[in-house]
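Secondary and tertiary structure notes
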Amino acid sequence: MTEDDPLEPTGVDAGPDETTEADRYLQVEEVPETAPTDDRTWRTRLAESVPSSRRTLKYAVAITVAVLWIVPFIGLFMASFRPLSEIIGGWWHLEGMSITFENYYQAWNYSTAPLSRALLNTFIVTIPAVLVVMLLGVMAAYPFARFEFPLKTTLFFLILLVMAAPPELVAMGNYNSLQRIGLFDTYMGLILIHIGWGLGWVVLFLRNYLLGIPEELEEAARIDGASRYQIFRTIILPLSTPALVSVAVIQFTWVWNAFFFPLVFMRSPELYLAPQVLPLMRGRVQVEWGMIAAGSIMTMAVPVILFLLLERYYKRGMVAAVAD
Amino acid sequence: MTSISMENVSKYFDSGETIANYQLDLEAEDGEFLVFLGPSGCGKTTALRLIAGLEQPSEGAIYFDGERVDGRSPSDRNVAMVFQNYALYPHMTVAQNIGYPLKVRGVPPDERDRRVETVTELLHIEDQTHKKPAALSGGQRQRVALARAIIREPSVFLLDEPLSNLDAKLRQEMRIELKRLQNELDITTIYVTHNQEEAMSMADKVAVMNQGTIQQVAPPQELYDRPRTAWVAQFIGSPPMNLFRGTRRNGSVDLGEAGTVELEGVMNAKAAVETGGRDDAGTASMLASDVHGTVALGVRPEDLTVSTTRPSSGNAIEGTVGTIEPMGEYDLVNVSVNDQIVNAKVSEATVARDDTVYLTFDDEDAYLYADDGELVV
Amino acid sequence: MSLQDRIDALDTDRDLSVDFDFDREKAVALAVFLIPGLTLFGIFSVGPIVYSAIGSFFAWDTFTMEHFVGLDNWIRSLTDPLIVHWSNMQEFRYPMGALTHNLLWVVVHVPASTFLGLGLALLFADLKGRRILRSMVFAGFTVPPIVIGLVLMFIYDPQAGVFNELLRVLGQDHLVRNWTQSPQVAIYALIAGGIWVHTGFSMLLYSSALSAIDPSLIESAKVDGAGPWRRFWDVIWPLVKPVTAVVVIMGIIWVMRMFDIVYAAGGAAGGPNHAYSVLGIEVYRAAFRPEIDYGMAMVVALIQLFIVAPLALYIARMR
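Residues numbered from 1 in each chain as written. Chains lettered and ligands numbered in written order. Predicted model: local features only at pLDDT ≥ 70, side-chain atom pairs only at ≥ 80, totals over all residues. Heavy atoms only, no water.

Going by what an unreviewed UniProt entry lists, chain A is known as ABC transporter permease and is assigned to Natronococcus pandeyae. Its UniProt record gives chain A a comment under Sequence similarities (unreviewed entry), which states: "Belongs to the binding-protein-dependent transport system permease family." In the Subcellular location (unreviewed entry) part of its UniProt record, chain A is described as follows: "Cell membrane". (UniProt positions renumbered as here; feature names shortened; annotations may be inferred.)

When you go through chain A residue by residue, the secondary structure sums to 16 helices and zero strands. Here chain A holds 324 residues, and the buried ones make up 52% of them. When the accessible surface of chain A is totalled, it reaches about 15,100 Å², and 65% of it is carbon and sulfur. (Helix = DSSP H or I, 4+ residues; strand = E, 2+ residues; numbered from the N terminus. Buried < 20%, exposed > 50% of the residue type's maximum accessible area, 1.4 Å probe, protein only. Areas by Shrake-Rupley, 256 points an atom, 1.4 Å probe, with all protein chains shown as cover.)

With that out of the way, let us pick up helix α10 (residues 228–256) of chain C. Look at α10(C): only 37 Å from first C-alpha to last across 29 residues, short of the 42 Å you get at 1.5 Å a residue. Within α10(C), the axis deviates most sharply at C:Trp237, by approximately 50°, and proline C:Pro238 lies no more than four positions further along. (Expected span 1.5 Å × (residues − 1). Bend = angle between axes of the 7 residues up to and from the residue.)

All names here are of chain B. Assigned domains within chain B: domain 1 (4–234) and domain 2 (240–369). If you look at the interface, domain 1 gives 10 residues, while domain 2 gives nine residues. Both sides together, the interface formed by domain 1 and domain 2 hides about 820 Å², and carbon and sulfur atoms give 48% of it. Ranking the residues of domain 1 by area buried against domain 2 places Tyr 224, Ala 233 and Gln 234 at the top, with a combined share of 55%. Put simply, domain 1 and domain 2 have zero salt bridges between them. Along the contact surface separating domain 1 from domain 2 lie five residue pairs in polar contact (both at pLDDT 80 or more). Elements that contribute at least two residues to the side of domain 1 that touches domain 2 include exactly α7 (220–225) and α8 (230–235). Here the residues of the side of domain 1 that touches domain 2 are counted per class, giving five nonpolar, two polar and three charged. (Domains from an automatic or database assignment. Contact = heavy atoms within 4.5 Å. Buried area = accessible area lost by both parts, 1.4 Å probe. Salt bridge = Lys/Arg side-chain N within 4 Å of Asp/Glu carboxyl O. Polar contact = N/O pair within 3.5 Å; in protein donor to acceptor, adjacent residues only side chain to side chain. Nonpolar A, V, L, I, M, F, W, Y, C, P; charged D, E, K, R; others polar.)

This part covers the pairing of strand β14 (residues 293–299) of chain B. Residue and element names in this part refer to chain B. In terms of burial, β14 is a largely internal element, five of the seven residues being buried. Note that strand β11 (residues 242–249) and β14 share seven bridges and pair antiparallel. Within β14, the residue paired with Asn 242 across the bridge is Val 299. Across four bridges, the pairing between β14 and strand β20 (residues 366–369) is antiparallel. Looking at the pairing, Gly 298 lines up with Tyr 367 of β20. (Pairing = 2+ DSSP bridges.)

Taken as a whole, this structure holds seven cavities of 30 Å³ or more when the rule is applied. When its volume is computed, the largest cavity comes out at roughly 1,200 Å³. The wall of the largest cavity is formed by 43 residues, among which A:Trp254, C:Phe141, C:Met250, C:Trp254 and C:Arg257 lie closest to the centre. At five residues, the largest contribution of residues to the lining of the largest cavity is made by helix α12 (residues 241–257) of chain A. The residue makeup of the lining of the largest cavity, split by class, is 32 nonpolar, seven polar and four charged. (1 Å grid on protein atoms, 1.4 Å probe; cavity = no way out; pocket = protein on both sides within 12 Å on 5 of 7 lines; lining within 4 Å. Points joined across faces, edges and corners; volume = space filled by probe spheres on them.)

Now for the sheet that holds β11(B). Residues and elements named next belong to chain B. Pairing within the open sheet is antiparallel, and its five strands lie in the order β13-β12-β11-β14-β20. Edge positions in the sheet fall to β13 (260–262) and β20, since each has one partner strand and no second. Mean inter-strand twist for the sheet, computed between neighbouring axes without regard to direction, equals 35°. Direction of pairing for β11 relative to strand β12 (residues 252–254): antiparallel, over a ladder of three bridges. Its bridge partner being in β12, Thr 247 is matched across the sheet by Asp 254. (Axes fitted to C-alpha atoms, helices over the stretch in contact; angles between N-to-C directions.)

With that settled, the discussion passes to the UniProt feature "transmembrane region" (unreviewed entry) in chain A. Residues and elements named next belong to chain A. Sequence positions flagged by UniProt for "transmembrane region" (unreviewed entry) are, in local numbering, residues 59–81, 118–142, 154–175, 187–210, 231–256 and 289–310. Helix makes up 100% of residues 118–142 and strand makes up 0%, while its end C-alpha atoms are separated by 36 Å. Each end of residues 289–310 is marked by a C-alpha atom, and these two atoms are 31 Å apart; helix forms 95% of the span and strand 0%.

Further remarks concern helix α7 (residues 162–169) of chain C. Residue and element names in this part refer to chain C. Those residues of α7 not exposed but buried are Asn 164, Glu 165 and Leu 167. Relative to the axis of α7, the buried residues are bounded by an arc of 155° and lie together on one face. Packing partners of the buried residues in α7 comprise α6 (145–155). Backbone geometry just after α7 places Gly 171 at a positive phi near 75°. (Arc of directions from axis to C-beta.)

Let us now look at the side chain of B:Gln128. Relative to the elements of secondary structure, B:Gln128 occurs in the loop between α3 (109–122) and α4 (138–150). At a separation of 2.8 Å, a polar atom in the side chain of B:Gln128 contacts the side chain of B:Lys131.

All right, on to the UniProt feature "domain: ABC transmembrane type-1" (unreviewed entry) in chain A then. In the numbering used here, UniProt assigns the "domain: ABC transmembrane type-1" (unreviewed entry) feature to residues 119–310 of chain A. Strand forms 0% of residues 119–310 of chain A and helix 79%; the C-alpha atoms that close the span are 21 Å apart.

This part is about the interface of chain B and chain C. On the side of chain C, 16 residues touch chain B, which itself brings 22 residues to the contact. Buried area between chain B and chain C, both sides added, is near 1,600 Å², and the carbon and sulfur share of it is 58%. Contact with chain C buries area across many residues of chain B, yet B:Tyr89, B:His91 and B:Tyr100 alone supply 29% of it, more than any other trio. One can count three salt bridges joining chain B with chain C. Between C:Asp224 and B:Arg148 there is a salt bridge, with the nearest N and O atoms lying 3.8 Å from each other. On inspection of chain B and its partner chain C, the count reaches 11 residue pairs in polar contact (both at pLDDT 80 or more). Broken down by secondary-structure element, the contributors of at least two residues to the side of chain B that touches chain C are β6 (79–82) and α2 (94–104) of chain B. Considering every element that reaches the side of chain B that touches chain C, the biggest residue donor is α2(B), with four residues. Residues of the side of chain B that touches chain C, tallied by class, amount to 14 nonpolar, three polar and five charged.

Quick look at the packing of α2(B) against α10(C) now. Contact geometry for α2(B) and α10(C): axes closest at 12 Å, N-to-C directions at 160°. Compared by their axis directions, α2(B) and α10(C) come out roughly antiparallel. You can see that α2(B) and α10(C) cross each other, and the crossing is right-handed. Where α2(B) approaches α10(C), its residues B:Tyr100, B:Lys103 and B:Val104 are matched on the opposing element by C:Arg230, C:Asp234 and C:Val235. For the contact of α2(B) with α10(C), the class distribution of residues is three nonpolar, no polar and three charged. (Parallel < 35°, antiparallel > 145°, perpendicular 65-115°, else oblique. Left-handed = near helix turned anticlockwise from the far one by under 90°.)

Evaluated as defined, the whole model comprises 54 aromatic pairs over all chains. Between the aromatic rings of A:Phe144 and A:Phe149, the centroid separation amounts to 5.5 Å while the plane-to-plane angle is 75°, which identifies the pairing as edge-to-face. No difference in accessibility class separates A:Phe144 from A:Phe149, as the two residues are buried. Taken together, a centroid distance of 6.2 Å and an interplanar angle of 35° make the contact between A:Phe259 and C:Phe259 tilted. Of this pair, A:Phe259 sits in the loop between α12 and α13 (260–265) while C:Phe259 sits in the loop between α10 and α11 (260–266), on two different chains. Note on accessibility: A:Phe259 and C:Phe259 belong to one class, buried. (Phe/Tyr/Trp six-rings, centres within 6.5 Å; stacked < 30°, edge-to-face > 60°.)

Moving on, we get to the interface of chain A and chain C. The interface of chain A with chain C comprises 91 residues on the first partner and 94 residues on the second. Carbon and sulfur atoms make up 76% of the area that chain A and chain C hide from each other, which totals about 8,500 Å². Summed over the shared surface of chain A and chain C, the result is four salt bridges. Across the pair A:Arg55 and C:Asp126 runs a salt bridge whose closest N-O atoms are separated by 3.4 Å. Across the chain A-chain C interface, the total number found is 21 residue pairs in polar contact (both at pLDDT 80 or more). For the side of chain A that touches chain C, the element with the highest residue contribution is helix α3 (residues 53–80) of chain A, accounting for 16 residues.

Before going further, it helps to examine the confidence of the model for chain A. Averaged over every residue, the pLDDT of chain A is 83; residues scoring 70 or more account for 87%. In this model, residues 1–20 of chain A is a region of pLDDT below 50 whose contacts with residues beyond four sequence positions or in other chains number 28 contacts. (pLDDT = per-residue confidence, 0-100.)

Moving on to the pattern of salt bridges. Two side chains bearing opposite charge may form a pair once their charged atoms approach each other closely. Residues and elements named next belong to chain B. Under the definition given, this model contains 31 salt bridges over all chains. The salt bridge partner of Glu 161 is Lys 44, with a shortest N-O separation of 3.6 Å. Of this pair, Glu 161 sits in the loop between β7 (156–160) and α5 (168–185) while Lys 44 sits in helix α1 (residues 44–52), and the two are 117 residues apart along the sequence. Of the two residues, Glu 161 and Lys 44, neither departs from the other in class, the shared state being buried. Between Arg 114 and Glu 111 there is a salt bridge, and its shortest N-O distance comes to 3.6 Å. Within this pair, Arg 114 and its partner Glu 111 are both found in helix α3, separated by three residues, close to a single helical turn. Given the relative accessible area of 48%, Arg 114 is considered partly exposed. Shared partners join several salt bridges into a network, and the residues in it are Arg 143, Glu 173, Glu 177, Arg 180 and Glu 184.

So, in structure tokens, the structure goes:
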């Protein structure tokens, strides 16, 4: 191996006494790009790449725990593709397994409230509820982060109070007011409820984020002659994009997953949202596990995929919302 | 107390994709103050962490007093370390921070308090012991970190860029303080820095590192007087050494339009300086007329003289004056030689912009580096 | 008055007039930014809470407020065995009342999920692929809670349930049962499920606290001679301790709001004979299932708020 050889002086005119000097030091060019591995067999390399036994044990424990953690979901997934008889026999029995899409077909066309319609309803409610909350939330958060105004502390306190309140607490008042304004059992009614409920945490979350944006940027824009609204549109909105993405993901998940609000405010089966339909599928005599599993998979797929795609924003937002 | 030696130590990261250190060979004698000096990313901190035991070498061996220590954990090596950001435990008071290494070793509280008192007095922080680190200034934190490191009388003292977070004045102060401590305690000390001034002022021996290898290990004066490669030459000294690129021809260096430099004088001067260094055969081969190749002629800015007239004898390099920077203590003249800017430190500049000037130097102040950067003369 | 004072006075004058214009412009801007959001927030969140607070002192004819009755609703609700069932509590027999069940959740679920979350955060902290491992544990938290409830029913099913299969494999056949429908044990089965889902969230908070610790502190402790145990107790734990308060309080809030999982497993009754009903379920049944009792629904929902509000304010003050 050349790397291990004593280095012969490479200069043409290196004198004999240069040898000792050059011997002691390596030249920068002699450092290889990657570790010299050719002289080692794959066996030793493999042995070195395997972590120590303590660490191996740690990995084994960690992977086991993580896999055990999702076993229930694996079961749900398996059950969604198998006929009821095989589910009752145990989805973990793999011999003689038959795969069927019948469960999905049944859930999709469920007679009381087809999931096809329920999923559509969920989208119809969730998307406007998320978009409006984002816009109104960042607008309201801006004065909270930057201006002093009367009642600011009181409003702040009210927001905290609402964040602590259980959704059940606003159900009675909202039920009566939706009845009165004729929005009970409509998309618009549920959307408005979700917007009003979500605004609290969104304003607080975005305010904390906006506080971190240096004020100099706005001052610079003001000196350049921008109005408050221009500053908001051209400086604040673009800079808060990461936080707005976090808000979007978390609020989407919350509205999509919400069960209590639709249960109270959506009474016509053709307006049922997906989470509302799932418990109805239990049936009276024999629980229709296959159909429930297929329906659950279809309902949970949306937030779970969204989480996996925007995992960083979701986690960062979750941590910032409660810990900062 | 402890001598350290590294033999062929290499450290690879990312399963060999990255080489942090490559075949380091190094000796630090008992009580010596050794400095790892190099630009950021040269592997000096990794080398320190290998000695600390925070990393284990991929290849090679590390010895403390002839005893092999690689593979041992930091706690089994009796080393103490000061981190770049001091790594003070934010939830403990100054006294708790300093006493922590003793607490871990089960030293009884009374003895602990006594020793904390001693070191805090030694470092002049006895008034701060009840504060939390967050309430301290940068210099005080530095002292707490030092106190924590020396309290248990380690056999090796490791410092990772300890002064880089301080302002210039404090840095100067702590440099003196550190040197005093090291002299007093006489602990083998390894110090990592990218600041050559720190290295030169404190070290008994400097190891200059670049791209994971050691370029030269020498006492500061030798490093300055005899930089082994063009890279070291340019790294040590401020402003850096000027390197004139040229071609060797018939015992001289051809610098194109700027003129030629005769090597004979340079050779003889070096031979005279380095007693027993170079034999005649070597000198002869240097001057042989058939030797060709690109070389760099190095002269430090402080060794250049600037004059407007061509000297009658000796070597002179022709150039045009660019800007002149008055630095108070001296003037720095930027001269353009073959489109290359060189610096000359003169006590008072008597030349003006766009003057044609001749740069002269004593033969013994010139260095000749081969194409590969190695010192020829 | 010196000249300087005069100039100062002039300056203040000018400032005042500028401030006045400025204020008008600012007031308009404030209104534009705040009013749309605060209106909706006021109508659909603050308003209904105030409505409930007032309504809890009035008599109700289904959905219509009648006359002031003082603490009637409060006394009636707090003595209702559905909320606190004293006689059953003395015999430690379920149902013990929704409030008791909720507090049981707090006592069992919160410490367990906090402890497990910290454990998993530490376990995964320095492993390669920790992002995937964490996501696997956290994923359950993003699934609709109603699905979680159905999954729990599925796990605990006597035939199709993997939990009962595990018991059979372990030779504990006598324990096999329909866990979610057995009154005396169902609540623990559900709490176990709650821990399963919520641990991911605790782990996430702890993970971010752990990664905020300067690694050189841990290395420094290593050089100082501290072993793994000491490093945890002397360095890591004191630095993640503040997060524990947040984890615990978020856990309590989550548990006090429990609704979907219980509804999925036990319907609007909260299990057979209300065996594991919680406050949320009682609000729903009082308000929207016959016999409608709006007064009681409001009182119970306010009790939920009273338990949680001081904790939320505590977090807010910590910031």
